[in-house]
Amino acid sequence: MKEATESLNFIEHIIEEDLANGFPKDKLCFRFPPEPNGYLHIGHAASICLNFGLGEKYGAPVNLRFDDTNPAKEEQEYVDAIKRDIAWLGFKWANECYSSDYFQQLHDWAVLLIKQGKAYVDQQSSEQIAEQKGTPTSPGTPSPFRDRSVAENLDLFERMKNGEFAPGTYLLRAKIDMASPNMHMRDPILYRIIHAHHHRTGDTWNIYPMYDWAHGESDYLEQVSHSICTLEFKAHRELYDWYLDQIIDPSLLRPKQREFARRNLSFTVMSKRKLLELVQKKVVTGWDDPRMPTISGLRRRGYTPGSIRNFSEVAGISRRENVTDVSLLEFCVREDLNQSATRVMAVLNPIKVVLQNYPAGQTEILHLENNPEKTDAGTHEVPFSRELYIEREDFKEEADSNFFRLALGQEVRLKSAYIIKAEAVVKDAAGNLLEIHCSYDADSRSGSGTEASQRKVKSTIHWVSVAHAIQAEVREYDRLFLDESPDTHESKSYMDFINPNSLKVIKNAYLEPHLGKASPNESYQFQRLGYFTLDSDSHAGGLVFNKTVGLKDTWAKQNAATANKQQTVAKPVAQVPQEAKSALNEIQYLGKKLTNLSGDKLEEALQDIRVQAENVTYEELEPLFGTAAKKVGTRLAVLVALGALIAKGLPKNTAIQTYIDSCLADESALLQEEAGKIS
RNA sequence: UGACUGAUGGUGUAACUGGCAACACGUCUGAUUUUGGUUCAGAAGAGUCUAGGUUCGAGCCCUAGUCGGUCAACCA
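Residues numbered from 1 in each chain as written. Chains lettered and ligands numbered in written order. Predicted model: local features only at pLDDT ≥ 70, side-chain atom pairs only at ≥ 80, totals over all residues. Heavy atoms only, no water.

1. Remarks on unusual backbone geometry
In this structure, Gln 223 takes a positive phi of about 55° despite not being glycine. In this model, Arg 528 sits at a positive phi of 70°, which is unusual for a non-glycine residue. With respect to the helices, strands and loops of the structure, Arg 528 is situated in the loop between strand S25 (523–526) and strand S26 (530–534). A relative accessible area of 32% means that Arg 528 is categorised as partly exposed. (Helix = DSSP H or I, 4+ residues; strand = E, 2+ residues; numbered from the N terminus. Buried < 20%, exposed > 50% of the residue type's maximum accessible area, 1.4 Å probe, protein only.)

Laid out in structure tokens, this is it:
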């Protein structure tokens, strides 16, 4: 067992501190509060894993709360999808809550605010209100309706609630501070009139609370201890606290909001609005398109819950902007699938191989290991015959020294079968390769134990028997966008970066017959190709597989690298100044440490400085003469470097002499000594 | 010309009250391998945005700057 001193993230530090300050552990409570207006994505997974992870870590309840305060946007469909996704990730919520459950309480508290003179009904247009709001750099001006009487406010609010007014005509606003530097404090809206059918409360309400009014109070009603949200809500915190102040019962727990940075993934976008646009403009086939960063998309693509949870764990959280490389996510699935995926053989780009010395009409049943990572995973049967398919990429008529696969006159092993040698090719009139004629070594069958079966050949390739293969459709996916962070460009929209080739459909891939029994919940490793899973478009007689992720392919990388090398000419970088700059940096760095050194180490460092001084000019060094007297180390380093330059023939000017004199006068014996050497 | 917030290898995160900047991905070697996968062994890569200051000692504390993000929806 290894002793892992696990490091805490900053939220955990906050909780630990609260606990240390006497906050009772059994009062800890968290929540995940999605708005049911879209599907969950990998960014939400960060929040889900954080909140539910905290719940697991501290044995605290975690509520799933649907923030359903805007019936114009929300639908039951989304509620269901969100629940499905969270459950699929493997988390259990303590309570299923809805902001709409608190509509009555929220309304009553609003009435209380009115009675206290802290809220008023406004009846201006949204343009007028926006106008009065001011800007971040200039204060707002009060609404002319700000000082309505309590009685009138009460009456108007009641009539808003009863549906007497049209949407947009009246609003309930909190009376806070129109000059606050925080825009959210400039008389924020509590309620607006919406005449829409709510997916849960139906037509009961004509007024709906805004996010700010509903969120903190909901946290309070559920007695959530730590309300964790993303950074863009940071500015809302002041309002969150103000609202709480109005209604809080000091004997109850007061929730606190803390913010973390949302997770961005490279080569994709991560906001519901943008993902929705991809769906609506049919860039993708739906929210669960396997190219989407949604949980449902990743699921359909073949990602496992474990891989996503692990990704969230490994990527961590913090408070700074980030773009996490997709390669980390891909690593996480590979790591997971490598342990669990059944190995099978499939040929995506087939070329026919005919074994000239293998009896026509004969079929052999061979055995393929299910999973080399698990010795007890067993084997499955795979038929072998005279005519086979192999990948086109696995054959070259003439091989160069680093091509290990099949070539004329060259041997390879067919995985779990025989060693074959390419003897001849058959081409059509246009010179296109039609089939490869090979001979097979009948004694070389895998596992037969014969001497021939033990022979080492340069490589092993996968294959399927032509007569037994299942034809299927295979979909390969590439990144959805061509830019690493498509939505961070000022002059261009993320839609400009869409990768036109993000989907590649292979209509006639050939699979080994074992895949006829493929289960939609299982992942397979198509040997040497990657991980694949059955798509929901599959039907009897028409299998469709999605490529989840490829295997690490050092061969492809090698090829790409050599191809690139041939294209790139030379580095246009001016190297001399760069070296000189780093030499100066090096001297400064060495200097910083000097005062901590003594004896041989000091001497060594001084020598290093003299060496570095070779690459430094006087012009670069001079600015450092101004180094504070306190920084003895740096001054010493500068002095030594200067000494080296003087030794090379640099004439002493007044600046140099002044510097040397100041060193001679310094308290430091070392500095005096070195200065003495060159004065 | 505002308020708030952040800055640590290519990327993402660590570094408890100041004490040799760590882990993972990625990259590169080598070994093993009937998957150019896996596994194993190793390497390179940051002196912590800049300039000062405090300190025996600063990624961490102080000062001033620089650069990035957020904030003016009857969205959340």
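2. A look at the pattern of salt bridges
Following the criterion strictly, the structure yields 38 salt bridges and no others. As a salt-bridge pair, Arg 146 and Asp 187 come within 2.7 Å of each other at their nearest N and O atoms. With Arg 146 in the loop between helix H5 (126–132) and helix H6 (150–161) and Asp 187 in the loop between strand S5 (171–174) and strand S6 (189–193), this residue pair connects regions lying 41 residues apart in the sequence. You can call Asp 187 buried: its relative accessible area is 0%. In this structure, the salt-bridge partner of Arg 262 is Glu 232, at a minimum N-O distance of 2.9 Å. Here Arg 262, found in the loop between strand S9 (256–260) and helix H9 (272–280), pairs with Glu 232, found in the loop between strand S8 (226–230) and helix H8 (237–247); they are 30 residues apart in sequence, far enough to count as distant. Given a relative accessible area of 35%, Arg 262 falls into the partly exposed group. Several salt bridges share partner residues, and in doing so they unite Asp 288, Arg 300, Glu 473, Arg 475, Lys 507, Asp 535 and Asp 537 into one network. (Salt bridge = Lys/Arg side-chain N within 4 Å of Asp/Glu carboxyl O.)

3. As for the sheet that holds strand S11 (residues 346–347)
Strand order in this open sheet of 7 strands is S10-S25-S26-S27-S23-S24-S11, and the pairing throughout is mixed. What marks the edges here is a single partner per strand, and that holds for strand S10 (342–344) and S11. When S10 meets S25, the two strands line up parallel, connected through 3 bridges. Looking across to S25, one finds that Val 344 is bridged to Phe 526. The strands that helix H12 (residues 326–340) touches are S10, S25, S26 and strand S27 (544–550); relative to S27, the one it contacts most, it runs at about 115°. (Pairing = 2+ DSSP bridges. Contact = heavy atoms within 4.5 Å. Axes fitted to C-alpha atoms, helices over the stretch in contact; angles between N-to-C directions.)

4. Some points on the packing of aromatic side chains
If you walk through the whole model with that rule in mind, you get 23 aromatic pairs. Between Phe 526 and Phe 532, the ring centres sit 4.0 Å apart and the planes meet at 10°, which makes this aromatic pair stacked. Per residue, the accessibility class of Phe 526 equals that of Phe 532, and both read buried. An aromatic cluster of at least three residues, connected via ring pairs, comprises Tyr 358, Phe 384, Tyr 418, Tyr 440 and Trp 463. Above the plane of the ring of Tyr 98 lies Arg 200, whose end atom (NZ or CZ) is 3.6 Å from the centre. Sitting over the face of the ring of Trp 88, Arg 299 holds its NZ or CZ atom 5.1 Å from the ring centroid. (Phe/Tyr/Trp six-rings, centres within 6.5 Å; stacked < 30°, edge-to-face > 60°. Lys NZ or Arg CZ within 6 Å of the ring centre and 35° of its normal.)

5. Focus: empty space enclosed by the protein
Under the criterion given, the structure shown has 1 cavity of 30 Å³ or more. Sorting the residues of the lining of the largest cavity by element identifies strand S14 (379–384) and strand S22 (464–465) as the ones contributing at least two each. For the lining of the largest cavity, the per-class residue count stands at 6 nonpolar, 2 polar and 1 charged. (1 Å grid on protein atoms, 1.4 Å probe; cavity = no way out; pocket = protein on both sides within 12 Å on 5 of 7 lines; lining within 4 Å. Points joined across faces, edges and corners; volume = space filled by probe spheres on them. Nonpolar A, V, L, I, M, F, W, Y, C, P; charged D, E, K, R; others polar.)

6. Here's the deal with the environment of Leu 388
With respect to the helices and strands, Leu 388 occurs in strand S15 (residues 387–391). Using a relative accessible area of 0% as the deciding quantity, one classes Leu 388 as buried. C-alpha separation for the pair Leu 388 and Ser 7, spaced 381 residues apart in sequence, amounts to 54 Å. Among all residues touching Leu 388, those that are not within four sequence positions of it are Ile 351, Lys 352, Val 353, Leu 355, Leu 414, Trp 463, Val 464, Ser 465 and Val 466.

7. Observations regarding the sheet that holds S15
Spatial strand order, S21-S18-S19-S20-S12-S15-S22: 7 strands in an open sheet with mixed pairing. Strands with a single pairing partner mark the edges of an open sheet, and in this sheet they are strand S21 (460–461) and S22. Bridge analysis of strand S12 (residues 350–355) against strand S20 (residues 433–440) gives 4 bridges, and the strand direction is parallel. Within S20, the position partnered with Leu 355 by the bridge is Cys 438.

8. Examining the pairing of S6
Counting buried positions over the 5 residues of S6 gives 4, a clear majority of the element. Two strands pair when backbone bridges link them, and S6 and strand S7 (residues 207–209) are joined in this way by 3 bridges, in the antiparallel orientation. Across the sheet, the residue bridging to Ile 193 is Ile 207, located in S7.

9. Some thoughts on the layout of surface pockets
Taken as a whole, the second largest pocket holds about 1,100 Å³ of empty space. Taken together, 35 residues make up the lining of the second largest pocket; nearest its centre are Glu 35, Asn 37, His 44, Phe 233 and Lys 272. Only strand S1 (30–32), helix H2 (42–58), helix H7 (211–221), S8 and H9 provide two or more residues apiece to the lining of the second largest pocket. Of the residues assigned to the lining of the second largest pocket, the class counts are 12 nonpolar, 11 polar and 12 charged.

10. Considering the nonpolar core
Among the nonpolar cores identified, the biggest contains 45 residues, and Phe 30, Ile 42, Ile 48, Leu 54 and Ile 86 are the most heavily contacted of them. Looking at this core, the elements that each hand over two or more residues are helix H1 (10–20), S1, H2, strand S2 (62–66), helix H3 (76–89), helix H10 (295–301), helix H11 (305–315) and H12. Residue contributions to this core peak at 8 residues, all from H2. Trp 109, Leu 190, Trp 213 and Ala 214 belong to the second-largest nonpolar core, a separate cluster that totals 36 residues. (Core = buried A, V, L, I, M, F, W, Y, C linked by side-chain atoms within 4.5 Å.)

11. Considerations on the packing of H11 against H12
When two helices pack together, their arrangement is given by the angle between their axes and by how far apart the axes lie. In the contact formed by H11 and H12, the axes pass within 9 Å of each other and the chain directions differ by 135°. Relative to H12, H11 is oriented oblique. Crossing hand, H11 versus H12: right-handed. On H12, the residues touching Gly 306, Ser 307, Asn 310, Phe 311, Val 314 and Ala 315 of H11 are Leu 328, Leu 329, Cys 332, Val 333, Glu 335 and Asp 336. Looking at side-chain class alone, the contact of H11 with H12 contains 7 nonpolar, 3 polar and 2 charged residues. (Parallel < 35°, antiparallel > 145°, perpendicular 65-115°, else oblique. Left-handed = near helix turned anticlockwise from the far one by under 90°.)

12. Concerning the confidence of the model for chain A
On average, residues of chain A carry a pLDDT of 91, and 91% of them reach 70 or more. Here residues 568–581 is a poorly scored stretch, pLDDT under 50, and it has 5 contacts once near neighbours within four places are set aside; other chains count. Model confidence for the complex: the whole-complex pTM is 0.88, and ipTM, which rates the interface, is 0.96. (pLDDT = per-residue confidence, 0-100.)

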